[in-house]
Amino acid sequence: MTQKAGMSVHLGIDLGGTSIKMGLVNEGGQIISRLETDTSDDFDTVTRDMAEGVLSLLKKTGLGKKDLPYIGLGVPSTVHPETGRLILANNTGWENAPMREALEEKTGLSVLIANDADCALAGEALCGSAKNQKDVLMLTLGTGVGGAMLINGRLFSGCDGMGMEVGHLPLIAGGPKCTCGASGCVETLVSATGLVLLTKEAIHENPDSLMHKKIKSGIPLDGRLAFSCMEEGDQAAKSVVERYCALLAQTVGGLSNVFRPALVLLGGGVSKAGDALLFRVREALPRFILSYSVIGGPELRLASLGNDAGLIGAAFLKEMSI
Ligand SMILES: [Zn+2]
């Protein structure tokens, strides 16, 4: 697609654990041209691939560098707000990596960088499930648990721009060991990894369960197994799902008591379970919300942009005033 003269266009990049997604996004939040490439653990390879992708997208659409206000980049890392360095990217092990500097040098464009959870919420607020909402908490339930929050229409960044690390909120004292060194963090229980751990335990305790039969027949033990077996009537699977949803409701409820969001969005891989997840968390939520019977609690919705949320949000980082 060739971009018409006079229309404003933005460029967003979502650097994920398995792929780099890049796209040109119009003012309405629609991706008008995109490309995707495999990611790598090598910093120079990743920054080179991103720079080449930017040029290739511009060429494809008949645009020049002068047409882009900036490049917005979402990363699975905390980001130093002044230097644009990645403080620690868990997936790749990069520490203090000069991402903004490298990408600006390779593209000649200015670069804005933020944590991928912030970018996903920015995308949802621009044109997804949180559109027109000002006080929103989003939890991304993937390999880990990401969190971001809009307060009065602005992304919460904290005193040092580090944002929220919801995944490392302590949930259960003495719970499973976390990658951060502590135990029982939200991430160890409410992530897809936590769901798999609950599923594994239930399979061990219930050798006659449908889940166990499926594993023996070669079906992978992942975050979908308990939900799919529950639909087929497996009681052990139903217990896993209910335990998981109660832990998630406890997390949402605790954070809601602190921040009082009007809306809580659930995104990430586990949220693909859809209504089976949403309805159970909604049901369990009131007992974790202070004075629920009098003042109620937040609305709970699924994120709607899926894998595109981070890319779209990154493209509008400046407008979301991070
Ligand atoms: Zn932790």
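Residues numbered from 1 in each chain as written. Predicted model: local features only at pLDDT ≥ 70, side-chain atom pairs only at ≥ 80, totals over all residues. Heavy atoms only, no water.

## Some points on the environment of L150
Locating L150 in the fold gives a position in strand β10 (residues 145–151). Given the relative accessible area of 1%, L150 is considered buried. Each C-alpha atom, one on L150 and one on G128, is 14 Å from the other, the two residues being 22 residues apart in sequence. Once residues lying within four places of it in the same chain are set aside, the contact partners of L150 are L121, A125, Q133, K134, D135, V136, L155 and M320. (Helix = DSSP H or I, 4+ residues; strand = E, 2+ residues; numbered from the N terminus. Buried < 20%, exposed > 50% of the residue type's maximum accessible area, 1.4 Å probe, protein only. Contact = heavy atoms within 4.5 Å.)

## Here we look at the coordination of the zinc ion
Bound to the zinc ion on the protein side are H168 (ND1), C178 (SG), C180 (SG) and C185 (SG), at distances that span 2.1 to 2.4 Å. Coordination at the zinc ion is tetrahedral, judged from the four donor atoms that bind it and the angles of 103 to 126 degrees they form at the metal. Linear spacing of the donor residues for the zinc ion on their chain is H-x9-C-x1-C-x4-C. On the accessibility criterion, C185 (2% relative accessible area) is buried. (Donors = N, O, S within 2.8 Å, 3.2 Å for Na, K, Ca; no water. Tetrahedral: all angles 85-135°; square planar, octahedral: opposite > 155°, others 65-115°.)

## Comments concerning the sheet that holds strand β5 (residues 77–79)
On the basis of which strands lie adjacent, the open sheet formed by three strands has the order β5-β6-β7 and antiparallel pairing. One side of each edge strand has no neighbouring strand; the edge strands of this open sheet are β5 and β7 (94–97). Across this sheet, the average inter-strand angle for adjacent strands is 5 degrees, counted without regard to direction. Sheet topology places strand β6 (residues 86–89) next to β7; three bridges connect them, and they run antiparallel. From the neighbouring strand, L88 faces β7, where its bridge partner is E95. (Pairing = 2+ DSSP bridges. Axes fitted to C-alpha atoms, helices over the stretch in contact; angles between N-to-C directions.)

## Some words on the pattern of salt bridges
Evaluation of the coordinates by the stated rule reveals eight salt bridges. R34 is the salt-bridge partner of D308, the closest N and O atoms lying 3.0 Å from each other. Of the two residues, D308 sits in the loop between β13 (299–302) and α11 (309–315) while R34 sits in strand β3 (residues 31–38), which places them 274 residues apart along the sequence. A relative accessible area of 21% places D308 in the partly exposed class. The partner of R48 in a salt bridge is E52, and the shortest N-O contact between them spans 3.9 Å. Note that R48 and E52 are positioned in helix α1 (residues 43–61) at a spacing of four residues, about one turn of the helix. (Salt bridge = Lys/Arg side-chain N within 4 Å of Asp/Glu carboxyl O.)

## Notes on unusual backbone geometry
Within the chain, N132 stands out as a residue other than glycine whose phi angle is a positive 65 degrees. Examined against the element boundaries, N132 turns out to sit in the loop between α3 (116–127) and β9 (136–141). Residue class for N132 comes out exposed when judged on its relative accessible area of 75%. Unusually for a residue other than glycine, N152 sits at a positive phi of about 50 degrees. Looking at the element boundaries, N152 is found in the loop between β10 and β11 (154–155).

## Observations concerning the domain arrangement of the chain
Looking at the chain, the domain boundaries give domain 1 (9–123 + 308–315) and domain 2 (132–303). Distance from the C-alpha centre of domain 1 to the C-alpha centre of domain 2: 28 Å. When domain 1 packs against domain 2, the two sides together hide about 920 Å² of surface, and 70% of this comes from carbon and sulfur. Our count for the contact surface shared by domain 1 and domain 2 stands at zero salt bridges. Applying the counting criterion to the domain 1 and domain 2 interface returns zero residue pairs in polar contact (both at pLDDT 80 or more). The set of elements that each furnish at least two residues to the side of domain 1 that touches domain 2 consists of β5 and α3. (Domains from an automatic or database assignment. Buried area = accessible area lost by both parts, 1.4 Å probe. Polar contact = N/O pair within 3.5 Å; in protein donor to acceptor, adjacent residues only side chain to side chain.)

## Things to note about the pairing of strand β1 (residues 9–15)
Burial analysis of β1 places seven of its seven residues in the buried class, the great majority of the element. Of the two faces of β1, the one carrying V9, L11, I13 and L15 and the one carrying H10, G12 and D14 are both buried. Strand direction decides the pairing type here: β1 and strand β2 (residues 19–26), joined by seven bridges, are antiparallel. Note on β2: the bridge partner recorded for V9 is N26. Joining the antiparallel neighbours β1 and β2 is a turn of three residues. Where β1 lies against strand β4 (residues 71–75), four bridges are found, and the strand directions are parallel. Bridge assignment links D14 to a residue of β4, and that residue is G74.

## Details of helix α8 (residues 235–259)
With 25 residues, α8 should cover 36 Å at 1.5 Å per step; its first-to-last C-alpha distance of 36 Å lies within 8% of that length. The positive-phi residue at the C-terminal boundary of α8 is R260, with phi of around 50 degrees. (Expected span 1.5 Å × (residues − 1).)

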